[in-house]
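Analysis of the macromolecular model
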Amino acid sequence: MPVITALKTHRRNKERVKLYLDDEYAFQLPLLEAAGLSCGQELRQQEIAALLEAGALQNAYDRAVRFLARRPRSAEEVRRYLLSKEVGVSVIAVVLERLQARAWLDDVEFARYWVDQRQRHKPMGARALRYQLRQKGVAEAVIEAALECLDETDAAYRVAQSRLARYRGQTPRAFRQKLGGLLMRRGFAAETVRQTTMRCQQEIDEEDSEYFHREADA
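Residues numbered from 1 in each chain as written. Predicted model: local features only at pLDDT ≥ 70, side-chain atom pairs only at ≥ 80, totals over all residues. Heavy atoms only, no water.

**Notes on the overall build of the protein**
Defined as follows: Secondary structure elements are defined from DSSP: runs of H or I of at least 4 residues count as helices, runs of E of at least 2 residues count as strands, and each element is numbered from the N terminus. Values of the radius of gyration come from C-alpha atoms, whereas the globule rule sets the reference at 2.2 Å times the count of residues to the power 0.38. Each residue gets one of three labels from its accessible area relative to the maximum for its type: buried under 20%, exposed over 50%, partly exposed in between, using a 1.4 Å probe on protein chains only. Here, two residues are considered to be in contact whenever any of their heavy atoms come within 4.5 Å of each other. All accessible areas in this document rest on Shrake-Rupley with a 1.4 Å probe, and a residue is counted as covered only by the protein chains that are shown. Charge counting follows a simple rule: Lys and Arg are positive, Asp and Glu are negative, and His as well as the terminal groups are ignored. Charged side chains are reduced to one point each, which is NZ for Lys, CZ for Arg, CG for Asp and CD for Glu.
Secondary structure summary: the protein contains 10 helices and three strands in total. Going from the N terminus to the C terminus, the protein shows its helices and strands as β-β-β-α-α-α-α-α-α-α-α-α-α. Relative to the globule expectation of 17 Å for 218 residues, the C-alpha radius of gyration of the protein, 28 Å, shows a markedly less compact shape. Each principal axis of the C-alpha distribution contributes one length, and for the protein these read about 95 × 35 × 20 Å. By residue count, 41% of the 218 residues in the protein fall in the buried class. Look at the contacts in the protein between residues 6 or more apart in sequence, and 56% of them connect residues 24 or more apart. Of the accessible surface of the protein, which amounts to about 13,000 Å², a share of 47% is contributed by carbon and sulfur atoms. Looking at charge distribution, the protein has the averaged site of its 37 positive side-chain charges lying 5 Å from that of its 32 negative ones.

Structure (structure tokens):
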């Protein structure tokens, strides 16, 4: 049977230990797993397999934590990420379960975060937000709950206000086409787009008589 000839703490990660069998490096394993081992100890193949599995699980868990450290993610995003790193399906299931148990992975909170961040930095309509969250694997019921607090009218108006300077000098018709096209691309409902463009045009007519280039197409 293979014999443990060295157990060396990893230089960059003190929670990892390098295992040497018969004077040759074998693999890394978590510090807690290594704590029960000692030099000179013989290992059966079943024990080596169990240690390898523990090491793979810890590696996958560490990868997932680093992935989540960049920004919140959905459970499906984490699953896809680990699959891209060739992590086994059974290991992924355990990792997701551990992350959810620690509340580091929560699709309800993630959906709320996603909607809030988009409204703060790039307002968009429910249609676009729903599509984005579906792409991230969030369940329909969770998406709908996250969208309950969305005020599409306010969001569309804020988008419009941020673009008014760009459309100065357009005819009223061109203004409505350009602004309406932008709002449609941001995923706003057709009626919200219509109301917002008309509201903005009316406000401009009342406040800035030189904004539009007047033609007979108004």
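**Describing the environment of Lys14**
Structurally, the position occupied by Lys14 is in the loop between β1 (4-9) and β2 (16-21). For Lys14, a relative accessible area of 55% gives the class exposed. Considering only alpha carbons, one finds Lys14 and Gln201, 187 residues apart in sequence, at a separation of 63 Å. For Lys14, the residues in contact, after removing those within four places along its chain, are Thr9 and Leu31.

**Section: the side chain of Thr197**
One can find Thr197 in helix α10 (residues 190-207). Taking the relative accessible area as the measure of exposure, Thr197 reaches 6% and is therefore buried.

**Some remarks on the packing of helix α5 (residues 107-121) against helix α6 (residues 126-135)**
Convention followed: Axes here mean lines fitted to C-alpha atoms, for a helix over just the part in contact, with angles spanning 0 to 180 degrees between N-to-C directions. Should an angle fall under 35 degrees it is taken as roughly parallel, and over 145 as roughly antiparallel, whereas 65 to 115 is taken as roughly perpendicular and any remaining angle as oblique. Two helices cross in a left-handed way if the nearer one is turned anticlockwise from the farther one by less than a right angle. They cross in a right-handed way if the turn is clockwise. Any residue that is not Ala, Val, Leu, Ile, Met, Phe, Trp, Tyr, Cys, Pro, Asp, Glu, Lys or Arg is counted as polar, Gly included; the first ten are nonpolar and the last four charged.
One way to put it is that α5 packs onto α6 with a least axis distance of 11 Å and a crossing angle of 140 degrees. The angle between the axes of α5 and α6 places the two elements in the oblique class. Considering how the two elements wind past one another, α5 and α6 form a crossing that is right-handed. Between α5 and α6, the contacting residues are Phe110, Ala111, Trp114, Val115, Arg118 and Gln119 on the first element and Leu129, Gln132 and Leu133 on the second. Classifying every residue of the contact of α5 with α6 by side-chain character gives six nonpolar, two polar and one charged.

**Focus on the pattern of salt bridges**
Definition in use: Counted as salt bridges are all cases of a side-chain nitrogen of Lys or Arg within 4 Å of a carboxyl oxygen of Asp or Glu.
For the structure shown, the criterion picks out 13 salt bridges. With its nearest N and O atoms 3.7 Å apart, the salt bridge here joins Arg44 to Glu47. Residue Glu77 pairs with Lys136 through a salt bridge whose shortest N-O separation is 3.1 Å. On the criterion of sequence distance, the pair formed by Glu77 in helix α3 (residues 75-84) and Lys136 in the loop between α6 and α7 (140-147) is long-range, its members being 59 residues apart. Relative accessible area serves as the criterion here: at 11%, Glu77 is assigned to the buried category.

**A short note on the packing of aromatic side chains**
Keep this limit in mind: Working definition: a ring pair exists when centres of Phe, Tyr or Trp rings (six-membered ring for Trp) sit within 6.5 Å. Plane angles under 30 degrees give stacked, over 60 give edge-to-face, the rest tilted.
Going through the model one piece at a time under the given rule, you end up with nine aromatic pairs. Centre to centre, the rings of Phe67 and Tyr81 are 4.1 Å apart; their planes meet at 5 degrees, and the pair counts as stacked. Within this pair, whereas Phe67 is found in helix α2 (residues 45-70), its partner Tyr81 is found in helix α3, the two being separated by 14 residues in sequence. Across the pair, Tyr81 and Phe67 agree in class, each one buried.

**Description of the packing of α2 against α3**
Relative orientation and spacing of two packed helices are given, respectively, by the angle between their axes and the distance between those axes. At a minimum axis distance of 10 Å, the contact between α2 and α3 shows a crossing angle of 130 degrees. Considering the angle they form, α2 stands oblique to α3. In this structure, α2 crosses over α3, and the sense of that crossing is right-handed. Seen from α2, the contacting residues are Ala60, Arg63, Ala64, Phe67, Leu68 and Arg70; seen from α3, they are Glu77, Val78, Tyr81 and Leu82. Looking at side-chain class alone, the contact of α2 with α3 contains seven nonpolar, no polar and three charged residues.

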